[in-house]
Each structure stands twice: as C-alpha cells, then as structure tokens.
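Each chain, letter by letter, is given below.
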Amino acid sequence: MPRSTPTPRSTNPDADPAPDPLVQQVGAGLFKLGLALRTHAWRENGPRGLTPTQAQVLALLHASAVPLRLSAVADGLAVTLPTASDAVKALVAKGFVEKTRADDDGRAIALTLTALGQDEARRGESGPEFVAAVVDALTPDEQAAFLRSLTKMVHTLQERGDIAPARMCVSCQFFRPWAHPEDGERPHHCAFVDAPFGDRALRLDCPDYLQEIDDVAEARFRRFEKTPSDGDLTAPRCAGAP
Ligand code: SF4
C-alpha cells in the first residue's frame, strides 16, 4: 500500500511548535554520516592500536608546519586538555610523538612527530579518501552547494564556541565575497593569489590563511551569505575589496 506524506502529529495550537521535519531529517542524516566516519576510523585505527583521538593528534601534528603545544592540540581537536594529554601520553609511550622545547619560550613544551610517528600519520591518511568517495557521488553543482553549506555550518559551530577556529575563506583577510557578482562561476576573489574563484573552491583549511579581525570577518561573512537573488551584493563593502 502506498505511504502517505508524513504530517505533524499535533494540531493543538497551544502545543510546542513541532520541530521542522526538514531540520530533523538533516540532523538525522548528519548523525548517520558521523556514525559512518567514526566506524571507519575505528576500523582503520583499531588494528593500528590507536584510538580515534590518538589518530587525530597524529594527523594534526602531521599537518602542522611547527611543533604544537598541548593547548593547541586540544583546541585543534575541540577536546579538553586532559583528553588531549591522555592521547599524547599514549603516543609518546608508543614512540610516535616527542616533547621538545617551544621555539618562542624555552620553558614551554611543544609536541612534534618522531620519524616513526610521521610514517604512522601517513598510513592513517585514508579518512579524507573515504569521505571523497562519498562526495564523488554528488553532481558538481551539489558538491559546490554542499561545500557552501558546510562552510556556513562550520562558521556557526565556531561562533558557538563548539570547535576551534578553522583556517577558512570566510574569516580570512584575503577573502572578497561577491567581488565579481557578474561571474556566475567565480564570483568571489582571493587577494592572496589575486584571482576569482567560486563556491567549489572555498577552503576550510588553507595554508595561506590569515585571520581577519572579528568585526570585519563578521561583515564579510554576512556578505558571503547573500546570493544574487537577494539583490544588493555590493553592501556592506569590505575594506580593501577590489
Ligand atoms: S588565502 Fe586561502 S583562505 Fe584566504 S581567501 Fe585565499 S584561498 Fe581562501
């Protein structure tokens, strides 16, 4: 028998407003994605004798050009200091991480990978490939829209203090949203490489990123949020925009 379209259960006007079914479904979908990623991480890292947090510490240190302090590791993974400390202790005991003196403060400790840790971090680089295979199933337009949505979601998580600031375009000094509104493919501009780009090329972790001051970044993000159908893309204009 064909199923009818689901309808809200209560029609009582005094009842709490029913949660938006679309929001609920998106939440359920994201939860399933998170579950799949965690399962993949356990499958990959379990045989290597690593917990997901230990694997993330290795990946973070591997991606960093400089040794990191424990607080930077905790911030980078959005975990507490004791959680980061436990993971680092285990990695030091396994010979993957070593403690050195911080360059900018001889009394402070910084963390870096040993040669063994570098090898281990490289072995664990299948996470992004696992996600890439899933994203590959989307059309190019869907991928661009998904990346734009992810950018907004990460920005919201940052605003709420749920995750550490990411090195992403929308808070970067070089980002000029809608600098080329006439160009449907590449409406934004990166002042670092001095080139236009579109939503498909938005970065969530860019090595050339330079953090913008908060007020300007916020105005820039509000401008990025607009679309051509919103009309006025020229205001507020960001300082230094081309
Ligand atoms: S430097 Fe990187 S983060 Fe900044 S706008 Fe250019 S691509 Fe985006």
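Above this note sits the structure.
Each chain has its residues counted from 1, running along the sequence as written. Only residues with pLDDT of at least 70 get local features here, since the model is predicted, and only at 80 or more are side-chain atom pairs given and counted; chain-wide, interface and lining totals rely on the full set of residues. Excluded from the side-chain calculations are hydrogens and water; all other atoms, namely the structure's heavy atoms, are used.

A. Quick peek at the site of the ligand. Taken together, the neighbourhood of the ligand is formed by Cys169, Cys172, Phe174, Phe175, Cys190, Phe192, Arg203, Cys206 and Asp208. A breakdown of the residues in the shell around the ligand according to their chemical character gives 7 nonpolar, no polar and 2 charged. Nearness is defined per residue: one heavy atom within 4 Å of the molecule or strand is enough. Under the grouping applied here, Gly and all other residues not named as nonpolar or charged are polar, the nonpolar ones being Ala, Val, Leu, Ile, Met, Phe, Trp, Tyr, Cys and Pro and the charged ones Asp, Glu, Lys and Arg.

B. Inspection of the side chain of Arg220 at higher detail. Tracing the sequence through the fold places Arg220 in helix H8 (residues 214–225). There is a polar contact of 3.0 Å between the side chain of Arg220 and the backbone oxygen of Cys172. At a separation of 3.1 Å, a polar atom in the side chain of Arg220 contacts the side chain of Glu212. Put simply, DSSP marks the helices as runs of H or I at least four residues long and the strands as runs of E at least two long, and each gets a number from the N terminus on. Identification of polar contacts relies on pairs of N or O atoms within 3.5 Å, with a donor-acceptor requirement for protein atoms, meaning one able to donate a hydrogen and the other able to accept it, and with residues adjacent in sequence counted only if both atoms are side-chain atoms.

C. Structural detail: the environment of Phe192. With respect to the helices and strands, the residue Phe192 is situated in the loop between strand E4 (188–190) and strand E5 (195–197). Residues Phe192 and Gln173, spaced 19 residues apart in sequence, show a C-alpha to C-alpha distance of 8.8 Å. Contacts are assigned to residue pairs that have any heavy atoms within 4.5 Å of one another. Leave out the neighbours within four places in its chain, and Phe192 touches Phe174 and Asp208.

D. Examining the sheet that holds E4 more closely. Two strands form a pair only when DSSP identifies at least two bridges running between them. On the basis of which strands lie adjacent, the open sheet formed by 3 strands has the order E3-E4-E5 and antiparallel pairing. The sheet is open, and its two edges are formed by strand E3 (175–176) and E5, each paired on a single side. In terms of strand pairing, E4 meets E5 through 3 bridges, oriented antiparallel. Its bridge partner being in E5, His189 is matched across the sheet by Pro196.

E. Broad picture of the packing of helix H7 (residues 140–159) against H8. Helix axes are fitted to C-alpha atoms over the stretch in contact, other axes to C-alpha atoms as well, and angles between N-to-C directions run from 0 to 180 degrees. The geometry of H7 relative to H8 is characterised by a closest axis approach of 12 Å and an angle of 150° between their N-to-C directions. As H7 packs across H8, the resulting crossing turns out to be left-handed. Residues Arg148, Thr151, Lys152, His155 and Glu159 of H7 lie in contact with H8, whose contacting residues are Glu218, Phe221, Arg222, Phe224 and Glu225. Here the residues of the contact of H7 with H8 are counted per class, giving 2 nonpolar, 2 polar and 6 charged. In a left-handed crossing the near helix is turned counterclockwise from the far helix by less than a right angle, and in a right-handed crossing that turn is clockwise.

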